[in-house]
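Each chain, written out:
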Amino acid sequence: IGLDSIERNARSQSSLINDLLDTSMIITGKFSLSKKEINLVDSLNSSIRSMKVLAEEKKITVSLNNYADIINVFADQNRLEQVFENLLSNAVKFSSNSGEIQIRIDKELSFIRIRFIDEGIGIQAEFMPFIFDRFQQADSSSTRRSGGLGLGLSIVKYIIEAHGGQIKVESPGLGKGSTFTVYIPEVLVEP
């Protein structure tokens, strides 16, 4: 139990430092992407595996729909996996024990749409316009208890937009879960 706690705290500290470094690079214009052709479903599965222990601790099931097509995009694999892991981590953090997180991938117009659907605490309507702003957190005891600086979602938004995509969030309200939807262009041409 003690080693698990130490590992969890070390992971948390490392994440905070990385978020601060990424934010600094974004602000100073030094943030860059290293793009290559990658398989999007493989990246999603890799991110799910990296969040497995965190989800298992809360007995949360993470499922990815069976998507038959091979989806290759021209993108920065590490940065996209950072996006997926951030969204999964938040979904796990703010979900109740024994909950479920669904990841749904499909196509919408010229975009690949990836939805992260959780049954968690949800988001207040008043906070929705600010959710992707830096240093913003909903002021609830569960948010404060979960830690973080309020940088993760602003970094996620920046990375997705740097790939020519966009991100949206929906929530019916507190206690009713949330859905984060990532849109990645289906065909990305190297600049």
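To be clear, the structure that these remarks concern was listed above.
Small disclaimer: the values here were computed from a predicted structure and weren't measured.

Chemist: Describe in detail the pattern of salt bridges, supporting the description with residues and values.
Modeler: This model, assessed by the stated rule, comprises 6 salt bridges. In this structure, Asp106 and Arg115 form a salt bridge, with 3.5 Å as the shortest nitrogen-oxygen distance. Classification of Asp106 as buried rests on a relative accessible area of 18%. By relative accessible area, which is 25% here, Arg115 ends up partly exposed.

Chemist: Tell me what's going on with the packing of helix α4 (residues 77–93) against helix α6 (residues 152–162), and back it up with residues and numbers.
Modeler: Look at α4 against α6: their axes get within 10 Å of each other, and the N-to-C directions meet at 145°. Two packed elements cross with a definite hand, and for α4 against α6 that hand is left-handed. Residues Arg79, Leu80, Gln82, Val83, Asn86, Leu87 and Asn90 of α4 form the contact with α6, whose own contacting residues are Gly152, Leu153, Ile155, Val156, Ile159 and Ile160. Residue classes in the contact of α4 with α6 are distributed as 8 nonpolar, 4 polar and 1 charged.

Chemist: A description of the environment of Gly122 should follow, citing residues and the corresponding values.
Modeler: By the element assignment, Gly122 lies in the loop between β5 (111–118) and α5 (141–146). Overall, Gly122 belongs to the buried group, its relative accessible area being 13%. When neighbours within four sequence positions are excluded, Gly122 is seen to be in contact with Ser171, Gly173, Leu174, Gly175, Lys176 and Gly177.

Chemist: An account of the sheet that holds strand β2 (residues 61–64) is requested, with residue identities and associated values reported.
Modeler: Reading across from one edge, β2-β4-β5-β7-β6 is the order of the 5 strands in this open sheet, with mixed pairing throughout. This sheet does not close on itself; its edge strands, each paired only once, are β2 and β6 (166–170). On average, each strand axis in the sheet is tilted by 15° relative to the strand beside it, whichever way the strands run. Bridge count between strand β4 (residues 100–108) and β5: 8 bridges; the pairing is antiparallel. Residue pairing in the sheet places Gln102 in a bridge with Ile117 of β5. Sheet strands in contact with α4 are β2, β4, β5, β6 and β7 (178–185), and its direction is about 25° off that of β5.

Chemist: I'd like to hear about the environment of His163, residue by residue, with values.
Modeler: Mapped onto the elements, His163 comes out in the loop between α6 and β6. Relative accessible area serves as the criterion here: at 2%, His163 is assigned to the buried category. Put simply, His163 and Leu33 are 130 residues apart on the chain and 8.5 Å apart in space, counted from C-alpha to C-alpha. Looking at His163, its side chain comes within polar contact range of the main-chain oxygen of Ile159, at 2.9 Å.

Rules of the game
Residues numbered from 1 in each chain as written. Predicted model: local features only at pLDDT ≥ 70, side-chain atom pairs only at ≥ 80, totals over all residues. Heavy atoms only, no water. Salt bridge = Lys/Arg side-chain N within 4 Å of Asp/Glu carboxyl O. Buried < 20%, exposed > 50% of the residue type's maximum accessible area, 1.4 Å probe, protein only. Axes fitted to C-alpha atoms, helices over the stretch in contact; angles between N-to-C directions. Helix = DSSP H or I, 4+ residues; strand = E, 2+ residues; numbered from the N terminus. Left-handed = near helix turned anticlockwise from the far one by under 90°. Contact = heavy atoms within 4.5 Å. Nonpolar A, V, L, I, M, F, W, Y, C, P; charged D, E, K, R; others polar. Pairing = 2+ DSSP bridges. Polar contact = N/O pair within 3.5 Å; in protein donor to acceptor, adjacent residues only side chain to side chain.

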